[in-house]
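# Descriptive structure summary
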Amino acid sequence: MSVLSDRDIAIALAGGRVKVEPYDEDDLQPSSIDLHLDRSFRVFRNNRYAFIDVRAPQTDLTELLTVTDDEPFVLHPGEFVLGQTLEWVELPNDLVARLEGKSSLGRLGLLIHSTAGYVDPGWKGKLTLELSNVANLPIALYFGMRIGQISFFEMSSPVDRPYGSAGLGSKYQGQSEPTASAYFEDFERGRRGAEPPRRSMR
């Protein structure tokens, strides 16, 4: 598996093999493309449930908020919210991508993902960001700011079942806003080692 260089990324974009829209040549780095923050955020409402139940749909666990062009979204210490990239990204069946934070923002205590840094072959959509503040002070975030970078890796061969294929349970294909977790949808199908509940003999 090899990482695409700036030259190869530019060729992939020009030929339509990879799509990143909107795209500006100034965002091309030696082995990645800078991505920007969109204006929508999904915040958790901790007054609505006693706990997060990964088995159950909790439709009002989060709330979607939108900021204007110059309005800051203030992320407080210890807070976790979902954001998204301004860019729509599409990958072919033989490339996988990694989303990483910007070093300068990491030095301020801003993390842009906890586990969702991996982008499957065949992906289409905006990328949801798992934003958290591990600093001691609030951090102001702004629409359009550089928030992360995406790099691309050549696979040994094209995948047989790209993201979004029938039967894979791809829950976020084509997303255009910060999307809440749909883990509950395939909780039982993906669970291993649990015995089925026993019926009462009474």
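Let me begin by describing the structure that accompanies this report. Small disclaimer: the values here were computed from a predicted structure and weren't measured.

## Description of the overall build of the protein chain
Counting secondary structure elements, the protein chain contains three helices and 14 strands. Principal axes of the C-alpha set define a box for the protein chain whose edges measure 70 × 45 × 25 Å. The long-range share in the protein chain, meaning contacts at least 24 apart out of those at least 6 apart in sequence, stands at 74%. Placing the 22 positive and 29 negative side-chain charges of the protein chain at their respective mean positions leaves the two points 10 Å apart.

## Regarding unusual backbone geometry
Note that the residue after E21, namely P22, is joined by a cis bond; omega there is 0 degrees. With respect to the helices, strands and loops of the structure, P22 is situated in the loop between β2 (19-21) and β3 (28-29).

## Overview of the pairing of strand β4 (residues 32-36)
In terms of burial, β4 is a largely internal element, five of the five residues being buried. Because side chains alternate across β4, one face comprises the buried residues S32, D34 and H36, and the other comprises I33 and L35, equally buried. Summarising the sheet, β3 and β4 pair through two bridges and their orientation is antiparallel. Paired with L28 across the strands is I33, a residue of β4. Here four bridges tie β4 to strand β14 (residues 146-154), and the two strands are oriented antiparallel to one another. When the bridges of β14 are listed, I33 appears paired with I150.

## Describing the pattern of salt bridges
This structure, assessed with the given rule, holds twelve salt bridges. Residue K102 pairs with D34 through a salt bridge whose shortest N-O separation is 2.8 Å. With a gap of 68 residues between them, K102 in the loop between β9 (95-101) and α2 (103-106) and D34 in strand β4 connect regions that are remote in the sequence. For K102, a relative accessible area of 22% puts it in the partly exposed group.

## A word on the packing of aromatic side chains
Using the criterion set out here, one finds three aromatic pairs in the structure. Arranged with centres 4.0 Å apart and planes meeting at 10 degrees, the rings of F41 and F73 form a pair that is stacked. Residue F41 is located in strand β5 (residues 40-44), and its partner F73 is located in strand β7 (residues 73-75); the two are separated by 32 residues in the primary sequence. Under the relative-accessibility criterion, F41 is labelled buried at 1%.

## What about the pairing of β5?
In terms of residue burial, β5 counts as a mostly covered element, since four of its five residues are buried. By the bridge criterion, five bridges tie β5 to strand β6 (residues 62-66) in an arrangement that is antiparallel. Within β6, the residue paired with R42 across the bridge is L64. Pairing between β5 and strand β8 (residues 80-90): two bridges, direction antiparallel. Paired with V43 across the two strands is V81, which belongs to β8.

Rules behind the numbers
Residues numbered from 1 in each chain as written. Predicted model: local features only at pLDDT ≥ 70, side-chain atom pairs only at ≥ 80, totals over all residues. Heavy atoms only, no water. Helix = DSSP H or I, 4+ residues; strand = E, 2+ residues; numbered from the N terminus. Contact = heavy atoms within 4.5 Å. Lys, Arg positive; Asp, Glu negative; His and termini not counted. Charge placed at Lys NZ, Arg CZ, Asp CG, Glu CD. Buried < 20%, exposed > 50% of the residue type's maximum accessible area, 1.4 Å probe, protein only. Pairing = 2+ DSSP bridges. Salt bridge = Lys/Arg side-chain N within 4 Å of Asp/Glu carboxyl O. Phe/Tyr/Trp six-rings, centres within 6.5 Å; stacked < 30°, edge-to-face > 60°.

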